[in-house]
Amino acid sequence: MASYCMTVSRLRLVLGDGARRLHVSAALSAKAKVAMSRFEAGSAVNYGKLLDNISIVRKRLNRPLTLSEKIVYGHLDDPVGQEIARGRTYLRLRPDRVAMQDATAQMAMLQFISSGLPRVAVPSTIHCDHLIEAQIGGVQDLQRAKEVNQEVYNFLATAAAKYGVGFWKPGSGIIHQIILENYAYPGVMLIGTDSHTPNGGGLGAICIGVGGADAVDVMAGIPWELKCPNVIGVKLTGSLSGWTSPKDVILKVAGILTVKGGTGAIVEYHGPGVDSISCTGMATICNMGAEIGATTSVFPYNHRMKTYLEKTGRKEIAELADEYKDCLVPDSGCHYDQLIEINLSELKPHINGPFTPDLAHPVSEVGATAQKNGWPVDIKVGLIGSCTNSSYEDMGRAASLAKQALDRGLKCKAQFTVTPGSEQIRATIERDGYAKVLRDVGGVVLANACGPCIGQWDRRDVKKGEKNTIVTSFNRNFTARNDANPATHAFVTSPEIVTALAIAGTLNFNPETDYLTDSKGEKFKLVPPTGDELPSRDFDPGEDTYQHPPTEGGSVRVDVNPQSNRLQLLEPFLKWDGKDLEDLQVLIKVKGKCTTDHISAAGPWLKFRGHLDNISNNLLIGAVNIENDAVNKIKNQLTGEYGGVPDVARFYKANDVQWVVVGDENYGEGSSREHAALEPRHLGGRAIIVKSFARIHETNLKKQGLLPLTFSDPRDYDKIRPDDKISIIGLKSFAPGKPLTAVLKHSDGSSESVVLNHTFNETQIEWFQAGSALNRMKELQK
C-alpha cells in the first residue's frame with residue numbers, strides 16, 4: 001500500500017507547489033486553484049497511520065470492528081496503552097483538523113489568544129456563515145452583513161492570519177458544505193465548533209461537533225478527550241425512489257430514537273440500501289443526526305463517495321481510499337449496541353414537528369394531525385436550503401417540481417426562499433438554470449449562509465405571537481428558533497416536500513395522491529421529483545472567497561477595541577478555593593425542554609458572540625420557570641422582586657451570592673454553542689443540576705469550570721423548591737465515579753439530602769480545580 005510520503009508526493013503532483021502559487025495562479029483553472037488551497041491548508045491524507053493504529057487495536061480487542069471504531073480508534077494518541085470500553089472510558093484522540101463557524105470562532109479564537117500559543121498545531125479553518133441576516137436577497141443581504149459585521153470579520157481574518165488558520169470569507173457558504181466540498185474525506189477525523197459538523201459523515205468521515213474550548217485543545221496540539229462512544233447500527237435495505245428522499249431516513253430515525261436516543265453513541269449506517277443514496281444525501285442524514293443527540297453519524301466508503309471526490313477535484317484521494325478500503329468499511333460480524341432496520345423501498349415521505357425535530361409524521365397524515373391538534377394548516381413560508389439540504393441534487397429535485405408548476409401556470413401560494421449551501425452550489429445552479437426556475441416560481445434566493453435556519457431572518461409577514469405554520473428543509477425546529485416567534489409552528493422535511501407544499505400552500509396536501517388545479521382550471525398531479533446527483537459539467541466554483549494564512553503570521557496585528565460592544569478579551573475564571581460549595585441560591589428551576597437556544601438564544605444575539613459580558617444578557621431568557629410557567633421571570637430571593645434571569649443573576653453576582661440552575665431531561669440539547677456554558681460561569685453560576693445532559697453541553701460546562709451534575713434518582717428533581725439554597729458536599733475528595741451530595745435547605749427551615757452523580761474523569765476534575773480547562777492548560781505551560 002502507498003506510504004504517507006507517496007501520498008504527499010502524489011498530491012503535490014496534482015495540486016502543484018504551494019510556494020509558486022502567486023506565479024502560476026493565472027495559468028491554473030479555478031478548480032485547480034481551489035485544490036491548491038486545500039493542499040496548502042494541510043489536507044494531507046495519512047491512511048498508513050490509520051491502518052497501523054487499527055491493526056494494533058484489532059489485535060488488542062480480538063474482535064471485528066465497526067467502521068466508526070476503526071476511524072475513532074485509528075486516531076488514538078496511544079493505541080497500545082489506551083483503555084477502550086464503549087460507553088465507559090475516555091479516549092485521548094488526535095483529530096486531523098479543526099473547523100469553526102464565525103459565531104463560535106470568535107470565542108474560540110479569543111480563548112486561543114489567551115493560551116499564549118503562537119500558532120495552531122493542526123490545520124484549522126474559520127467559515128463566515130452565521131452573521132448574515134436574510135432580509136431582501138442574497139446580494140443585498142451579503143453586502144449589508146459585511147458592513148454591519150466589519151469589526152468581527154476583521155478580527156477573525158487577522159486572528160486567522162496571525163495564528164495560521166484558513167479563512168473563508170462571508171459569502172463563501174455554510175461551513176458544513178465547504179467542509180464536504182474541500183476537507184472531508186473517508187477516514188478523516190475532524191472536529192468543528194458547530195453541532196451539525198457530523199455532515200461530513202456522508203463522505204465517510206468522523207466529524208464531531210464540539211465547543212470552542214475543545215477546539216482550542218486540538219489547535220494547541222493537546223490530545224482531545226471523548227467518552228468512548230457506543231455504536232448504533234442502522235441497516236438500510238431496499239432503495240429510495242419516487243417522493244422518498246435521504247431526508248426521510250433521518251426523519252424516520254429521529255421518530256424512533258427521539259432527541260436523546262443517540263446520546264453517547266455514533267450512528268453507523270450500513271447495508272445494501274446505502275448504495276441507493278447519493279454522497280450529499282448521506283451527508284443530509286448525518287447532519288440531522290445531531291437532532292437525536294448522536295456524537296456523530298457515518299456511512300461506509302462506496303462508489304457514490306468516490307464519484308463525489310472526483311467531481312470536487314480530489315481524484316487522488318479517491319484512488320487512495322480505494323487502496324485502503326478495508327479501513328473505511330465495517331468488519332463482517334461487528335457488533336452494534338443497538339440495531340435499527342429500515343427498508344428504503346417501503347419508507348414514505350415524512351415531515352417532523354412542530355417545536356421538536358423528533359415528532360415524526362408521514363406526509364400523508366400531517367394535514368389531519370394538524371387539524372386535530374389545532375395547528376395552522378395554511379403554510380405561510382416554505383424554505384429550502386441550509387446546511388442539511390442545499391446540494392446540487394437537492395436544488396435540482398426542487399427545481400423539477402417548480403418547473404412542473406410553472407408549465408401549468410402556477411406559482412407558490414406560500415412565500416418561498418432558497419438558500420444555496422456554498423458559492424460553488426450557487427454559481428452552478430445559476431449556470432444550469434435551477435436558480436432561475438426557483439425564482440420564477442416565486443422563490444427568493446438568499447445568501448450562501450445559514451440565514452433563517454439559525455434565526456437570521458428579518459421576518460415581517462407575521463407579527464410576534466401570531467400563530468402560523470412554516471415548512472423547511474432545515475434540521476432543527478425548536479420554539480422560536482427560525483424567526484423569534486414562539487407561535488410559529490415549524491416543520492422540517494425534504495426540499496422536495498417543502499417545494500410541493502409551498503406550491504399547494506397547505507399541509508393538507510399529499511403530493512403522492514392529491515391533485516393541484518392549474519391556471520386553466522384543470523387538475524393534475526405532480527410527477528415525482530428528479531435531479532442529477534452531480535452536475536454533468538464540472539462545478540462552477542464561483543468567486544474566490546478563501547484567504548490562506550501567511551507562512552509567518554507573527555507580524556500580523558489583531559486588535560480588540562476595549563470600547564467595542566462586539567468583542568471582548570477574556571479574563572480567566574477564578575480557581576476553586578478548595579472548599580465545598582455552600583448555600584448556592586437556586587437561580588431558576590427549569591421546567592421541561594431546555595435547549596441551548598433556551599439557554600443562549602441566537603438570532604439577534606449572534607452579534608454579541610465575541611463579547612461575553614454583553615451576550616450574557618440573554619442567559620436562560622427562553623427557559624420556562626417552574627414556579628410560574630413564565631419565561632424570563634424569576635424571583636430575586638434577596639429583594640423579593642421579580643426580574644429577568646440575567647438581571648437577577650447579575651444582582652446575585654454583585655452581592656457575592658453564587659447560584660445553581662436546576663433542570664429537566666436532556667438539558668442543553670441542540671447547538672454546540674459554548675456560550676451556554678460561559679454565560680452562567682461569567683454571571684456567578686457554579687453548578688447545573690439536572691435529570692440528564694446532552695453530550696456537548698455537559699462537556700462545555702466542564703471546560704468552563706462548572707459542575708454538571710445529575711440526580712441519582714430523577715425523582716429528586718421534585719424535592720427542590722425555587723427558593724432553596726443548596727450546598728454541594730464532597731468536593732474535597734472529588735474523584736471519578738464517586739457521587740457528590742446536595743443538601744437542600746428549604747425556606748421553612750427544613751433540609752434534606754440527595755445524591756448527585758457526575759461523569760468527571762481525573763483530567764476534568766483538574767479543570768474544575770483550576771477554574772477552567774484553559775486555566776489548566778496555562779498552568780501546564782509554566
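Parameters and conventions
Residues numbered from 1 in each chain as written. Predicted model: local features only at pLDDT ≥ 70, side-chain atom pairs only at ≥ 80, totals over all residues. Heavy atoms only, no water. Helix = DSSP H or I, 4+ residues; strand = E, 2+ residues; numbered from the N terminus. Rg over C-alpha atoms; globule rule 2.2 N^0.38 Å. Contact = heavy atoms within 4.5 Å. Areas by Shrake-Rupley, 256 points an atom, 1.4 Å probe, with all protein chains shown as cover. Lys, Arg positive; Asp, Glu negative; His and termini not counted. Charge placed at Lys NZ, Arg CZ, Asp CG, Glu CD. Core = buried A, V, L, I, M, F, W, Y, C linked by side-chain atoms within 4.5 Å. Buried < 20%, exposed > 50% of the residue type's maximum accessible area, 1.4 Å probe, protein only. Salt bridge = Lys/Arg side-chain N within 4 Å of Asp/Glu carboxyl O. Pairing = 2+ DSSP bridges. Axes fitted to C-alpha atoms, helices over the stretch in contact; angles between N-to-C directions. 1 Å grid on protein atoms, 1.4 Å probe; cavity = no way out; pocket = protein on both sides within 12 Å on 5 of 7 lines; lining within 4 Å. Points joined across faces, edges and corners; volume = space filled by probe spheres on them. Nonpolar A, V, L, I, M, F, W, Y, C, P; charged D, E, K, R; others polar. Phe/Tyr/Trp six-rings, centres within 6.5 Å; stacked < 30°, edge-to-face > 60°. Lys NZ or Arg CZ within 6 Å of the ring centre and 35° of its normal. pLDDT = per-residue confidence, 0-100.

S.K.: What's the story with the overall build of the protein chain in this structure? I'm lost.
M.R.: For the protein chain, the count of helices and strands is 26 helices and 32 strands. Expected size for 782 residues packed as a compact globule is a radius of gyration near 28 Å; at 25 Å, the protein chain falls within 12% of this value. With respect to the three principal axes, the spread of C-alpha positions in the protein chain is 75 × 65 × 55 Å. When contacts within the protein chain are restricted to residue pairs at least 6 apart in sequence, those whose partners lie at least 24 apart make up 75%. For the protein chain, the computed accessible surface area is about 27600 Å², with 49% contributed by carbon and sulfur atoms. In the protein chain, 87 side chains carry a positive charge and 88 a negative one; their mean positions are 1 Å apart.

S.K.: Even after reading the chapter, I still don't get the nonpolar core, so can you show me in this structure?
M.R.: Burial of nonpolar side chains together is a common tendency in soluble globular proteins. Within the largest apolar cluster, 172 residues are counted, with the highest numbers of intra-cluster contacts made by Tyr47, Leu236, Tyr269, Phe299 and Leu507. A total of eight residues in this core trace back to one element, the largest contributor, which is helix 8 (residues 150-163). Apart from the residues lying within four places of it in its own chain, the contact partners of leucine 236 are Val249, Tyr269, His270, Gly271, Pro272, Gly273, Val274, Ile277, Phe299, Ile342 and Leu344.

S.K.: Which parts of the structure should I look at to understand the pattern of salt bridges?
M.R.: Side chains that differ in sign of charge can pair as their charged atoms come close. Under the counting rule described, the total for this entry stands at 42 salt bridges. Arginine 397 serves as the salt-bridge partner of glutamate 496, at 2.5 Å between the closest nitrogen and oxygen. One end of the pair, glutamate 496, is in helix 19 (residues 495-504); the other, arginine 397, is in helix 16 (residues 392-407), and 99 residues separate them in sequence. For arginine 776, the salt bridge goes to glutamate 766, with nearest N and O atoms at 3.3 Å. On the criterion of sequence distance, the pair formed by arginine 776 in helix 26 (residues 773-781) and glutamate 766 in helix 25 (residues 762-770) is long-range, its members being ten residues apart. Residue glutamate 766 is classed as partly exposed on the basis of its relative accessible area, which comes to 31%. Via salt bridges that share partners, Arg63, Glu69, Arg86 and Asp337 belong to a single interconnected network.

S.K.: Would you explain the sheet that holds strand 29 (residues 707-711) in this entry?
M.R.: Pairing between sheet strands relies on hydrogen bonds along the backbone, with the strands arranged either parallel or antiparallel. Around the barrel, which closes on itself, the seven strands sit in the order 22-27-28-29-32-31-30 with mixed pairing between neighbours. Within this sheet the neighbouring strands show an average axis-to-axis angle of 40°, counted without direction. Sheet analysis places strand 29 next to strand 32 (residues 751-757), joined by two bridges and oriented antiparallel. Bridged to threonine 710 within strand 32 is asparagine 757. Helix-sheet contacts for helix 22 (residues 645-654) involve strand 22 (581-589) and strand 27 (659-662), and the interaxial angle to strand 22 is about 165°.

S.K.: Explain the side chain of threonine 710 here, please?
M.R.: Considering the arrangement of structural elements, one finds threonine 710 in strand 29. Residues contacting threonine 710, with those up to four places away along its chain left out, are Val690, Lys691, Ser692, Phe693, Val755, Leu756 and Asn757.

S.K.: What's the story with the layout of surface pockets in this structure? I'm lost.
M.R.: In this approach the atoms are scanned with a rolling probe the size of a water molecule, which exposes any empty space left behind. Here the largest pocket defines a volume of roughly 870 Å³. Lining the largest pocket are 35 residues, and of these Ala484, Ala601, Ala602, Gly603 and Pro604 lie nearest its centre. Elements supplying a minimum of two residues to the lining of the largest pocket: helix 7 (138-148) and helix 20 (596-599). Looking at the lining of the largest pocket, the element that brings in the most residues is helix 7, giving four residues. Looking at the lining of the largest pocket residue by residue, the classes come out as 18 nonpolar, eight polar and nine charged.

S.K.: Looking at this structure, I do not really get the packing of aromatic side chains. What am I missing?
M.R.: Aromatic ring pairs are reported here in terms of the distance separating the ring centres and the angle at which the planes meet. The full count for this structure, using the stated rule, is 15 aromatic pairs. Ring geometry for tryptophan 168 and tyrosine 183: centres 6.4 Å apart, planes at 80°, overall edge-to-face. Placement of tryptophan 168 in strand 4 (residues 166-168) and of tyrosine 183 in the loop between helix 9 (175-182) and strand 5 (189-192) is noted, with a sequence separation of 15 residues between them. The same class applies to tryptophan 168 and to tyrosine 183, which are both buried. Ring geometry for tryptophan 168 against tyrosine 546: centres 4.9 Å apart, planes inclined by 50°, an arrangement best described as tilted. Taken together, the residues span a long stretch of sequence, with tryptophan 168 in strand 4 and tyrosine 546 in strand 21 (residues 546-547) at a distance of 378 residues. Tyrosine 546 carries the same exposure label as tryptophan 168, and that label is buried. Aromatic ring contacts, followed pair by pair, group Trp576, Phe734, Phe760 and Phe768 into a single cluster. In this arrangement the basic side chain of arginine 97 is found over the ring face of tyrosine 183, its NZ or CZ atom lying 4.0 Å from the centre.

S.K.: Where do I start with the confidence of the model for the protein chain in this structure?
M.R.: Detailed reading of the predicted coordinates is not advisable wherever pLDDT falls low. Of all residues in the protein chain, 94% have pLDDT values of 70 or greater, and the mean over the chain is 93. Residue range residues 1-43 is modelled with pLDDT below 50. Its contacts to residues more than four positions away, or to other chains, number 71 contacts.

S.K.: Please clarify how the environment of alanine 687 should be interpreted in this entry.
M.R.: Within the fold, alanine 687 resides in strand 28 (residues 685-690). Residue alanine 687 is classed as buried on the basis of its relative accessible area, which comes to 0%. On a C-alpha basis, the gap between alanine 687 and lysine 702 in space is 9.8 Å, while along the polypeptide they are 15 residues apart. Contacts of alanine 687, omitting those with residues within four sequence positions, involve Trp659, Val660, Val661, Leu706, Leu707 and Ile728.

S.K.: Looking at this structure, I do not really get the pairing of strand 31 (residues 740-745). What am I missing?
M.R.: A regular strand places its side chains so that they alternate between the two faces of the sheet. The pairing of strand 30 (residues 725-729) with strand 31 spans five bridges and is classified as antiparallel. The residue of strand 31 that forms the bridge with isoleucine 726 is leucine 744. As judged from the six bridges shared by strand 31 and strand 32, these two strands associate in the antiparallel manner. For threonine 741, the partnering residue across the bridge sits in strand 32 and is valine 755. The hairpin formed by strand 31 and strand 32 contains five residues between the paired strands, and glycine 749 there has a positive phi angle of roughly 95°.

S.K.: Explanation requested: unusual backbone geometry in the structure shown.
M.R.: Across the chain, the bulk of peptide bonds are trans and the bulk of non-glycine residues have phi less than zero. Here the amide bond leading from glycine 353 into proline 354 is cis, since omega sits at 0°, within 30 degrees of zero. Structurally, proline 354 can be placed in the loop between strand 12 (350-352) and strand 13 (360-362). Positioned with a positive phi, alanine 484 is a non-glycine residue whose angle comes to about 65°. Mapped onto the fold, alanine 484 is located in the loop between strand 17 (468-472) and strand 18 (488-492). On the accessibility criterion, alanine 484 (38% relative accessible area) is partly exposed. Unlike most non-glycine residues, aspartate 656 shows phi in positive territory, near 60°. Secondary-structure assignment places aspartate 656 in the loop between helix 22 and strand 27.

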